[in-house]
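Chain by chain, the residues run as shown.
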Amino acid sequence: FFRKYCYISHPIKGRILFHLYPFQEDVLTDFRNERFTIINKSRQLGISTLTAGYSLWTMLFSKDKTVLCIATKTETAKNMVTKVKFGYDNLPSWMKIKSLENNKLSIRLSNGSQMKAVSAAGDSARSEAVSLLLIDEAAFIDNIEEVFVSAQQTLATGGGCIAMSTPYGTGNWFHRTWVKA
């Protein structure tokens, strides 16, 4: 899917197919095999783009999946939806599933799958039934403990979580969780 159909926006080259580096293939394997994944990342590794591609793949090839992206600000979460939409918009027409909703903060497909972007309010995920929870820049979310406790209830039926961030000090939820993992 990634090598043949998933286009990304490269800052210099523009629209290109997503050719995975070996470490990205390893991360993708973790996404598929592990229910909870935490990634302590540096910038410009393509992990957020990989996560967006995985979200798109999940939405296309599974019915009734809800992907929720929580980030420090709505604008940051919106960036993940933008990456998913770029990949979706550049799919071959025969692979596209009709979109019923397509705006800056969400995309909903006719197969029942959808992605939403929200800011990290304490109850961000409370009213959702989430198949895949993305927590972007988790180390920078002030109330992440409250957000994650709230989100765990939405994952109780078997959903997965990908928490990722660049590091931001020690002792915070992201640091403690990453060390425990």
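Structure's up top.
For clarity, every value in this text was computed on a predicted model and none was experimentally measured.

1. Looking at the pattern of salt bridges
At step 1: Using the criterion set out here, one finds four salt bridges in the structure.
At step 2: Residue Arg 3 is joined to Glu 25 by a salt bridge in which the shortest nitrogen-to-oxygen separation is 2.1 Å. Taken as a pair, Arg 3 in helix H1 (residues 2–5) and Glu 25 in helix H2 (residues 22–33) lie far apart in primary sequence, 22 residues in all.

2. Quick look at the sheet that holds strand E7 (residues 114–119)
At step 1: Reading across from one edge, E3-E9-E8-E4-E7-E6-E5 is the order of the seven strands in this open sheet, with mixed pairing throughout. The open sheet is flanked by strand E3 (36–40) and strand E5 (99–103), the only strands paired with a single partner. The average angle at which neighbouring strand axes cross in this sheet is 15 degrees, direction not considered.
At step 2: In the sheet, strand E4 (residues 66–71) pairs with strand E8 (residues 132–136) via four bridges, with the strands oriented parallel. Bridge pairing in E8 links Cys 69 to Leu 134.

3. Brief notes about the side chain of Thr 51
At step 1: Structurally, the position occupied by Thr 51 is in helix H3 (residues 47–61).
At step 2: For Thr 51, a relative accessible area of 0% puts it in the buried group.
At step 3: Among the polar contacts made by the side chain of Thr 51, one reaches the main-chain carbonyl oxygen of Ile 47 at a distance of 2.8 Å.
At step 4: Apart from residues no more than four positions distant in its own chain, Thr 51 is found in contact with Phe 31, Met 80, Leu 134, Ile 162 and Met 164.

Cut-off values and rules
- Residues numbered from 1 in each chain as written.
- Predicted model: local features only at pLDDT ≥ 70, side-chain atom pairs only at ≥ 80, totals over all residues.
- Heavy atoms only, no water.
- Salt bridge = Lys/Arg side-chain N within 4 Å of Asp/Glu carboxyl O.
- Helix = DSSP H or I, 4+ residues; strand = E, 2+ residues; numbered from the N terminus.
- Pairing = 2+ DSSP bridges.
- Axes fitted to C-alpha atoms, helices over the stretch in contact; angles between N-to-C directions.
- Buried < 20%, exposed > 50% of the residue type's maximum accessible area, 1.4 Å probe, protein only.
- Polar contact = N/O pair within 3.5 Å; in protein donor to acceptor, adjacent residues only side chain to side chain.
- Contact = heavy atoms within 4.5 Å.

Read these as geometric descriptors, not functional statements.
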